[in-house]
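# Working through the structure, step by step
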Amino acid sequence: MDRLQSLEVFIAVAEAESFAGGARIVGLSAPSATRGVNALEERLGARLFTRTTRRVRLTDVGQAYLEDARHILTQLQAADAAAAGAATTPVGKLRLTCSNEFGRIYVAPILTEFLDTFADVTADVLMVDRVVNMVEEGFDVAVRIGELPSSSMSAVRVGTVRRIICGAPEYFARHGIPETPLDLGAHEIVSATPVSPGTEWHFGRDMQDAVRVTPRLTVSSVAAGIEIARQGWGLVRVLSYQIGPDLEDGTLNSVLDQYEPEPLPIHLVHVDGRRVPAKVRAFLDFAKPRLRRVPGLS
């Protein structure tokens, strides 16, 4: 008999004031209940009951232990109920990670709408331009841009993004428009390292064509690289979603579109398993159609 069952037997015997009556409550035979209580007393090194031929009564130690045992079982039942509820009803804290700009532009609006819909859910979002280890850092969902490595995670594809070279109309008015990737050598290049690290930019659907560029300016912030391009200083390579409004209103124009690599997929990634918490299932079902409806991600 394990410790939890021995507590249940002890409580049942105490309430029935009988080993036979307590045994019936927990579905055991009277000898099994007696052995369970005897083992509990031996482990504790204390007598919990005084026994007569007709009934059993709690000792002072047994009375104090009964209160503690009831409290323990009540807490366990509450924990079981909370876990069962979390598995069926969206409750608790949802931890999500995504890149900075994607989170700012797309995830934040969806997440606030989600929280308005599910009042018992809170959220903690890490927006960072690195691949987060979801298991080690305790995240429920991640938005991943790019091909996924093999793993035990589950992933749902919600769109794609392009790798775009862009500049302001006034820049092209001064410097001309590059017609081929090799023409980039005659242009001012801004390198936004989260998207285009290094000095080799790859082109073509299979990315087999490489052109070495010489950035005049390297920045660690995509937002900064885009702003510099908006000001007409140079060309920057970014992901299409990062400049969607700029392309629509003409603040920035893309070039060399016909040389673009294959678009990068966007996935919602979560820990695999049949017992996915309800908050995670609810967020996936909520976010998938909304992301898929975004024109710039299709």
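The structure under discussion appears in the preceding block.
Reading the values: the criteria
Residues numbered from 1 in each chain as written. Predicted model: local features only at pLDDT ≥ 70, side-chain atom pairs only at ≥ 80, totals over all residues. Heavy atoms only, no water. Pairing = 2+ DSSP bridges. Helix = DSSP H or I, 4+ residues; strand = E, 2+ residues; numbered from the N terminus. Axes fitted to C-alpha atoms, helices over the stretch in contact; angles between N-to-C directions. Contact = heavy atoms within 4.5 Å. Right-handed = clockwise from strand over helix to strand, strands pointing away. Expected span 1.5 Å × (residues − 1). Buried < 20%, exposed > 50% of the residue type's maximum accessible area, 1.4 Å probe, protein only. Core = buried A, V, L, I, M, F, W, Y, C linked by side-chain atoms within 4.5 Å. Phe/Tyr/Trp six-rings, centres within 6.5 Å; stacked < 30°, edge-to-face > 60°.

Before going further, it helps to spend a moment on the sheet that holds strand β12 (residues 235–239). Backbone hydrogen bonds hold the strands of a sheet together, and the pairing may be parallel or antiparallel. Taken in spatial order, the five strands make up an open sheet running β11-β8-β12-β7-β13, and their pairing is mixed. In the strand order of this sheet, the two ends are held by β11 (217–219) and β13 (253–255), each with one partner. Averaged over all pairs of adjacent strands, the angle between strand axes in this sheet comes to 35 degrees, irrespective of strand direction. Helix α8 (residues 222–230) rests against β7 (163–167), β8 (189–192), β11 and β12 of the sheet, and its axis sits at about 135 degrees to β12.

The strand order β4-β3-β5-β14-β6 describes an open sheet built from five strands, whose pairing is mixed. Of all the strands in the sheet, the pair left with one neighbour each is β4 (121–127) and β6 (154–161). Sheet twist, expressed as the average angle between the axes of neighbouring strands with direction ignored, equals 20 degrees. Two strands pair when backbone bridges link them, and β6 and strand β14 (residues 264–270) are joined in this way by seven bridges, in the antiparallel orientation. Of the residues in β14, the one forming a bridge with Ala155 is Val269.

Attention now goes to the pairing of strand β3 (residues 92–98). For β3 and β4, the ladder comprises seven bridges, and the chain directions are parallel. Each bridged residue has a counterpart across the sheet, and for Leu96 the counterpart in β4 is Val125. Handedness of the β-α-β unit built from β3, helix α5 (residues 100–117) and β4 comes out right-handed. Strand direction decides the pairing type here: β3 and strand β5 (residues 141–145), joined by two bridges, are parallel. Its bridge partner lying in β5, Thr97 is registered against Ala142.

As a further point, take helix α10 (residues 278–292). Between its first and last C-alpha atoms α10 spans 22 Å; for 15 residues at 1.5 Å apiece the expected length is 21 Å, and the two agree. All of the buried residues along α10 are Ala278, Lys279, Val280, Ala282, Phe283, Leu284, Phe286, Ala287 and Leu291.

Counting residues in each nonpolar core, the largest one holds 29 residues, and the members touching the most others are Leu94, Phe102, Phe114, Phe283, Leu291 and Leu297. Among the secondary structure elements, those contributing two or more residues to this core are β3, α5, β5, β6, β14 and α10. Among the elements that take part in this core, α10 stands out by supplying seven residues, more than any other. Sequence-distant contacts of Leu291, defined by excluding residues within four places in its chain, comprise Phe102, Tyr106, Ile110, Val158, Leu268 and Leu297. Of all hydrophobic cores here, the second largest spans 17 residues; its members include Ile11, Ala33, Leu48 and Ala69.

Our focus in this paragraph is the packing of aromatic side chains. Per the counting criterion, the structure on display carries 10 aromatic pairs. Ring centres 5.4 Å apart and planes at 55 degrees place the aromatic pair Phe10 and Tyr65 in the tilted group. Here Phe10 is found in helix α1 (residues 3–16), whereas its partner Tyr65 is found in helix α4 (residues 60–88), with 55 residues between them in sequence. Look at Phe10 and you get buried, because its relative accessible area is 0%. The interplanar angle of 65 degrees and the centroid separation of 5.5 Å between the aromatic rings of Phe114 and Phe286 together place this pair among those described as edge-to-face.

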